[in-house]
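Descriptive structure summary
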Amino acid sequence: MKKIFFYAMTLLVGTIAMTSCEDDNDSNPTLMQPNTFVLNTPVVGTSLVDMATTASINLTWSQPTPYTDFNAPVIPTYYIQMSTSGTFEKAFDDTADDNTGADYIQLAESHSVGNVDILKDDINKSMQKLNGWAADAVPETQMLYFRIKAVVRDASFTEYYPIYSNIVSVNTKPIYVELLNADPEIWYLIGADIGDGSWGGNVPSQTFPMQLVDGAEYDAKTGQGEIQWVGYLEGNGFKLKQYPDSWDYQWGQGASFGTFVKNDGGSGNITVPAAGIYQVTLNTGSDVLTVEEYTESVTTLTDMYFTGSFCGWDNSNPMQAVHTAATQNHDWYIEVDLQANDEVKFYDGADWTYNRGGSLINLTDGYYGFGTQNGPNIVIPETGSYLVIFNDITGYYRFIKQ
């Protein structure tokens, strides 16, 4: 079975312990913490970056290689920090009621390589949080400062030996963004039972997002609450992780099925005792994970189509099965260009015996909803390219902007 282990602190402790009563101490590795590392000047240089039109800002840095400055084979974890003052004295806390004096934000997602594209949505939201601009009081330009924090983490994700890069600046033309309630926190399924079974990071064919729960409430600041997935598991193993490209935050199996552990580098793959339809439920606020047999009747469909006014309601847009490694599939996807006010539905491609329609609820990256049999046509609010995901058991769908 595939297991994810975190060796960093084991290696460090081993390095520290490599002392001897003999006279060869000089040849033993010695733990040496580096003081800093180099964040390169961004490619945009001194150009004014229009935050209304740019897609992202790229940052690269020369890594402690890998922490050879530590004189130990340790791979660091990196976090991007952003400031509009360049002082980096007090971090903004999304869960705090009062962020007076906060002068920088650390982005949640971590990285293991020294080349990252920071998406404009993350930048714009961060600037708005730090400055609290009114819609009519956004400055013409705003200098934005970046630095990188590098840490070593153990299997429980405790951080050790933080060091910081130099600070670089980018001149931006900022825009006003309305700070809405946080999107619900979504986790992803990955494993031999999920997608193509390869444990890869591609969404949705290798790593698959869990769905929201109809009628559930989510914390306005953190987005935490209950999420779920209903589908077929064969017992070959899977895990949960918070980010498609990172194992920073994960759920695995403990001593046996039914015992699940979070952020345990030695956890096993979650392996159901018998093949069947299961409901995986995670409460991201209380950190409770359950994997239980799904007791309602389920029909296995061999085809699913995405149709609507954009194609004359024909069968020219078959959806792709997500879980091709399993003997049953109940999740489907398609990438499609849609226009505002297009009307769409999901159906079996035959006689409309199975069809699902409904309404849309806003997310930062698109929309979601819960389709019902013979429900209303789904009206697309905004022109764009979308990754559309659909679960034929629950009727849940997502339209993710590309």
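Above this text is the structure in question.
Calculation rules
- Residues numbered from 1 in each chain as written.
- Predicted model: local features only at pLDDT ≥ 70, side-chain atom pairs only at ≥ 80, totals over all residues.
- Heavy atoms only, no water.
- Helix = DSSP H or I, 4+ residues; strand = E, 2+ residues; numbered from the N terminus.
- Buried < 20%, exposed > 50% of the residue type's maximum accessible area, 1.4 Å probe, protein only.
- Contact = heavy atoms within 4.5 Å.
- Areas by Shrake-Rupley, 256 points an atom, 1.4 Å probe, with all protein chains shown as cover.
- Pairing = 2+ DSSP bridges.
- Expected span 1.5 Å × (residues − 1).
- Core = buried A, V, L, I, M, F, W, Y, C linked by side-chain atoms within 4.5 Å.
- Polar contact = N/O pair within 3.5 Å; in protein donor to acceptor, adjacent residues only side chain to side chain.
- Axes fitted to C-alpha atoms, helices over the stretch in contact; angles between N-to-C directions.
- Salt bridge = Lys/Arg side-chain N within 4 Å of Asp/Glu carboxyl O.

1. Quick notes on the overall build of the chain
Secondary structure assignment for the chain yields 2 helices and 29 strands. Evaluated residue by residue, the chain yields a buried proportion of 48% over its 402 residues. In the chain, the share of contacts with a sequence separation of at least 24, taken over all contacts with a separation of at least 6, comes to 66%. For the chain, the exposed area adds up to about 18600 Å²; of that, 47% sits on carbon and sulfur atoms.

2. A short note on the pairing of strand β29 (residues 396–401)
Among the 6 residues that make up β29, 5 are buried, leaving the element largely enclosed by the rest of the structure. Pairing geometry for strand β28 (residues 384–391) and β29, over 5 bridges, is antiparallel. Across the sheet, Phe390 pairs through a bridge with Tyr397, a residue of β29. The turn joining β28 and β29, which pair antiparallel and follow one another in sequence, is formed by 4 residues; a positive phi near 80° is taken by Gly395.

3. Remarks on helix α2 (residues 120–131)
Here α2 spans 16 Å end to end across 12 residues, near enough to the 16 Å set by a 1.5 Å rise per residue. What α2 keeps buried is the set Ile123, Asn124, Ser126, Met127, Gln128 and Leu130. Buried residues along α2 sit in contact with β3 (56–62), β4 (77–83), β5 (104–106), β6 (115–119), β7 (142–153) and β9 (168–173). Looking one or two places after α2, you find Gly132, whose phi comes out positive at around 60°.

4. Describing the nonpolar core
The biggest cluster of nonpolar side chains holds 33 residues, and the ones touching the most others in it are Met210, Phe238, Leu240 and Val291. Only β10 (188–191), β13 (226–233), β14 (238–243), β17 (276–283), β18 (288–293), β25 (366–370), β28 and β29 provide two or more residues apiece to this core. The residues contacting Phe238, other than those within four sequence positions of it, are Leu189, Ile190, Gly191, Ile194, Trp199, Leu233, Asn269, Ile270, Val280 and Val291. Phe92, Ile118, Trp133 and Ala150 belong to the second-largest nonpolar core, a separate cluster that totals 27 residues.

5. A few points about the environment of Ser198
With respect to the helices and strands, Ser198 occurs in the loop between β10 and β11 (207–209). Looking at Ser198, the relative accessible area reads 41%, which means it is partly exposed. For Ser198 and Ala325, which are 127 residues apart along the polypeptide, the C-alpha to C-alpha distance reads 8.6 Å. Among all residues touching Ser198, those that are not within four sequence positions of it are Gly191 and Gln206. Polar side-chain contacts of Ser198 include one of 3.2 Å to the side chain of Gln206.

6. What to know about the sheet that holds strand β15 (residues 246–253)
With antiparallel pairing, the 5 strands of this open sheet are ordered in space as β11-β10-β14-β15-β16. In this open sheet, the two edge strands, each paired with only one partner strand, are β11 and β16 (260–262). In this sheet, adjacent strand axes meet at a mean angle of 30° when their direction is disregarded. Bridging between β15 and β16 involves 3 bridges; their strand directions are antiparallel. When the sheet's bridge partners are listed, Gly252 is paired in β16 with Val261.

7. Side note on the pattern of salt bridges
All told, the structure shown has 7 salt bridges when counted by the stated rule. Where Asp94 meets Lys129, a salt bridge forms, and the shortest distance between an N and an O atom there is 2.8 Å. Remark: Lys129 occurs in helix α2 and Asp94 occurs in the loop between β4 and β5; sequence separation between them is 35 residues. Overall, the relative accessible area of 39% leaves Asp94 in the partly exposed class. According to the relative accessible area criterion, Lys129 is partly exposed, its value standing at 30%. Measuring nitrogen to oxygen at the nearest pair gives 2.6 Å for the salt bridge that ties Asp97 to Lys221. Pair noted here: Asp97 is in the loop between β4 and β5 and Lys221 is in the loop between β12 (211–212) and β13, with a separation of 124 residues, a long-range link. Accessibility expressed as a relative area gives 78% for Asp97, which makes it exposed.

8. Comments concerning the sheet that holds strand β21 (residues 331–338)
What the 6 strands build is an open sheet, ordered β20-β21-β28-β29-β25-β24; its pairing is antiparallel. Because the sheet does not close on itself, it has two edges, and the strands there are β20 (320–321) and β24 (361–363). As paired elements, β24 and β25 share 3 bridges and run antiparallel to each other. Note on β25: the bridge partner recorded for Asn362 is Tyr367.

9. Structural notes on the side chain of Gln253
Along the polypeptide, Gln253 turns up in strand β15. For Gln253, the residues in contact, after removing those within four places along its chain, are Thr259, Phe260, Val261, Ser267, Gly268, Asn269, Ile270 and Thr271.

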